[in-house]
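# Descriptive structure summary
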Amino acid sequence: MVRLWGMLAIVLGLATFAPTPVLAFGAIAVDDVARAKDAKDGLILIVDAPSQAEAERQALAECKKAGNSHCRLMLWFETCGAYAASRSFFGVGTGPTVAEAERLAIQHCGNRNCTVVVSRCE
């Protein structure tokens, strides 16, 4: 019986020191003027940022650093995010899976010419 309690104490002790999951955030920024020429132009994806604010800040900063002047934050996400576009329309989506995020991005884009430009899960 003592042996069982000792093993249980070791297991419980290990559970106490188990690492907690680290949250990571992603963001997508786009230059609308560049996007009008080609859905992929002016697109910046930032992932693995420590907070929503940092993901947004990094995405906008990288978009501007790439020479774009009309950068707009399109989306931030914790799990999965997607951006779909055509020359005149765009849509974003988030979800528990990349497939769900992409489905919602296409749905929100609202045009039959829309395609997923980028998608990612954290």
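Small disclaimer: the values here were computed from a predicted structure and weren't measured. (Residues numbered from 1 in each chain as written. Predicted model: local features only at pLDDT ≥ 70, side-chain atom pairs only at ≥ 80, totals over all residues. Heavy atoms only, no water.)

### Overview of the pattern of salt bridges
Once their charged atoms are close, side chains differing in charge can pair, the charge on each being opposite to the other. Formally: Salt bridges are counted wherever a side-chain nitrogen of Lys or Arg sits within 4 Å of a carboxyl oxygen of Asp or Glu. For the purposes of this entry, the term helix denotes a DSSP run of H or I that reaches at least four residues, the term strand denotes a run of E that reaches at least two, and both are numbered from the N terminus. The cut-offs for exposure are 20% and 50% of the maximum accessible area for each residue type, with area from a 1.4 Å probe on protein chains only; residues under the lower value are buried, those over the upper are exposed, and the others partly exposed.
Taken as a whole, this structure holds 3 salt bridges when the rule is applied. A salt bridge links Arg 120 to Asp 48; its shortest N-O distance comes to 4.0 Å. Residue Arg 120 is located in strand β6 (residues 115-121), and its partner Asp 48 is located in strand β2 (residues 43-49); the two are separated by 72 residues in the primary sequence. Assessed through its relative accessible area of 51%, Asp 48 is described here as exposed. Put simply, Arg 57 and Glu 54 hold a salt bridge, and the shortest N to O gap is 2.7 Å. Of this pair, Arg 57 and Glu 54 both sit in helix α3 (residues 52-65), 3 residues apart, which is roughly one turn of the helix. Residue Arg 57 is classed as partly exposed on the basis of its relative accessible area, which comes to 48%.

### Considering the environment of Leu 43
In this fold, Leu 43 is placed in strand β2. In the structure, Leu 43 is positioned 12 residues away from Asp 31 in sequence and 6.6 Å away in space, judged by C-alpha atoms.

### A look at the sheet that holds β2
Heads up, the rule is: Strand pairing requires that DSSP identify at least two bridges connecting the strands. Throughout, an axis means a line fitted to C-alpha atoms (over the contacting stretch in the case of helices), and angles, computed between N-to-C directions, take values from 0 to 180 degrees. Whether two residues are in contact is decided by their heavy atoms, any of which lying within 4.5 Å being enough.
With respect to topology, 3 strands assemble into an open sheet ordered β2-β1-β3, the strand pairing being antiparallel. The open sheet terminates on both sides in strands that have one partner only, identified here as β2 and β3 (71-77). Averaged over all pairs of adjacent strands, the angle between their axes in this sheet comes to 20°, without regard to strand direction. Set on the sheet, α3 makes contact with β1 (25-31), β2 and β3; between it and β1 the angle comes to about 30°.

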